[in-house]
Amino acid sequence: MMKQVWHDLLFMHWPVAIEQLRPLIPAELEIESCEGSGWVGVVPFHMSGIRAHWLPPIPGTSAFPELNVRTYVRVGGKSGVWFFSLDAANSLAVAAARRFYHLPYFRARMDARSGPNGEIQYESHRIHSGAASADFRGCYRALDDTVFQARRGSLEYFLVERYCLYAASESRIFWGEIDHAPWPLQRAEAEIEVNTMAAASGITLPASKPLLHFAKRQEVRVWALEAKAPA
């Protein structure tokens, strides 16, 4: 249905007790755990080349920053991503995603740019009418040039190698396929000044430092949603 290119992603992950997450997620979805805990990710990045697969990119809608808050679930044995929120700096994209993908997108004022030493300076302030306040401000970078793919069975693989998303609307569960190459991961460091993204969804993150991974670029294809459990 859509093609996108994702740039300069920072995966920030914290262990969070499943008991804290359970009231926030439909009962039909099983929350997955790894190393004895559920996990919550806060993921800033920016996108380009966004287009329907039968159309060229539309000027003004094909590139903008996005920041999501997520956890990991499964239905019928199929693992996927559940989004608590997705903030984006494009009003048309937000409206379309809420309407056609039943995803909790919110309008935000955002800025993502490369700094003098190659770090990504990122800022997001939610401006969506009636939504809970949510802000992020910080900078991040890859620690070195070494790129690796997550090893199957590792925590990294559990967190990033997911090819399905789940959404819900009016007590119905939807799922959609996502296709991309294995993530080209790098070790990362970050200096986060403000991060209230998870708190806006009612999630208390632990005081411990997050697990960090950086990915420079990923081409992605997204399929239309289906209103049924996957086989």
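Note: the structure precedes this text.
Note that this is a predicted model, so its numbers are computed, not measured.

Can you help me understand the pairing of strand 6 (residues 105-114) in this one?
Regular strands place their side chains on alternate faces of the sheet. Two strands pair when backbone bridges link them, and strand 5 (residues 78-88) and strand 6 are joined in this way by three bridges, in the parallel orientation. Bridged to Leu86 within strand 6 is Tyr105. Of the strand pairs in this sheet, strand 6 and strand 7 (residues 120-126) are connected by seven bridges, and their pairing is antiparallel. Bridge pairing in strand 7 links Arg113 to Gln121. With antiparallel pairing between neighbouring strands as the criterion, strand 6 and strand 7 make up a hairpin whose turn holds five residues, including Gly118 at a positive phi of roughly 85 degrees.

Mind showing me how you'd approach the environment of His46 here?
As for its position among the elements, His46 is in strand 3 (residues 38-52). Between the alpha carbons of His46 and Arg113 there is a distance of 9.4 Å; along the sequence they are 67 residues apart. Excluding anything up to four places from it in sequence, His46 contacts Val5, Trp6, His7, Asp8, Phe64, Pro65 and Glu66. Engagement of the side chain of His46 in a polar contact is seen with the side chain of Asp8, the distance being 3.2 Å.

Any chance you could explain the pattern of salt bridges here in plain terms?
A side chain of one charge can pair with a side chain of the opposite charge if their charged atoms are brought near each other. Summed over all chains, the structure comprises 13 salt bridges. When the shortest N-O distance is used, the salt bridge between Arg162 and Glu32 registers 2.7 Å. Of the two residues, Arg162 is situated in the loop between helix 3 (155-160) and strand 9 (164-169) and Glu32 in the loop between strand 2 (30-31) and strand 3; the sequence distance between them amounts to 130 residues. Within this structure, Glu30, Glu32, Arg74 and Arg162 form a network of salt bridges that share partners.

Is there a simple way to explain the side chain of Glu161 in this structure?
Within the secondary structure, Glu161 is located in the loop between helix 3 and strand 9. Buried and unpaired, Glu161 has no salt bridge, with Arg152 as the nearest side chain of opposite charge at 8.0 Å. A polar side-chain atom of Glu161 sits 2.2 Å from a polar atom in the side chain of Tyr163.

It is not clear to me how the packing of aromatic side chains should be interpreted in this structure. Could you clarify?
Ring pairs (aromatic) are described by centroid distance and by the angle formed between their planes. Inspection of the entire model under this criterion finds seven aromatic pairs. Geometrically, the ring pair formed by Trp6 and Phe45 is tilted, given 5.5 Å between the ring centres and 50 degrees between the ring planes. In this pair, Trp6 sits in strand 1 (residues 2-16) while Phe45 sits in strand 3, placing the two residues 39 residues apart along the sequence. With relative accessibility at 15%, the residue Trp6 sits in the buried group. Classification of Phe45 as buried rests on a relative accessible area of 2%. A ring pair is formed by Tyr140 and Phe214, whose centres lie 6.3 Å apart and whose planes are at 55 degrees; its orientation type is tilted.

Before we go on, may I ask you to explain the nonpolar core in this structure?
Within soluble globular proteins, side chains that are nonpolar tend to cluster in buried spots. If you look at the biggest cluster of nonpolar residues, it comprises 34 residues, and the most contacted ones within it are Leu9, Phe11, Leu103 and Trp183. The contacts of Leu103, once residues within four sequence positions are left out, are Phe83, Leu86, Ala97, Arg98, Leu165, Tyr166 and Ala167. Listed in part, the 33 residues of the second largest apolar core include Ile25, Ile31, Ile173 and Ile203.

Definitions and cut-offs
Residues numbered from 1 in each chain as written. Predicted model: local features only at pLDDT ≥ 70, side-chain atom pairs only at ≥ 80, totals over all residues. Heavy atoms only, no water. Pairing = 2+ DSSP bridges. Helix = DSSP H or I, 4+ residues; strand = E, 2+ residues; numbered from the N terminus. Contact = heavy atoms within 4.5 Å. Polar contact = N/O pair within 3.5 Å; in protein donor to acceptor, adjacent residues only side chain to side chain. Salt bridge = Lys/Arg side-chain N within 4 Å of Asp/Glu carboxyl O. Buried < 20%, exposed > 50% of the residue type's maximum accessible area, 1.4 Å probe, protein only. Lys, Arg positive; Asp, Glu negative; His and termini not counted. Phe/Tyr/Trp six-rings, centres within 6.5 Å; stacked < 30°, edge-to-face > 60°. Core = buried A, V, L, I, M, F, W, Y, C linked by side-chain atoms within 4.5 Å.

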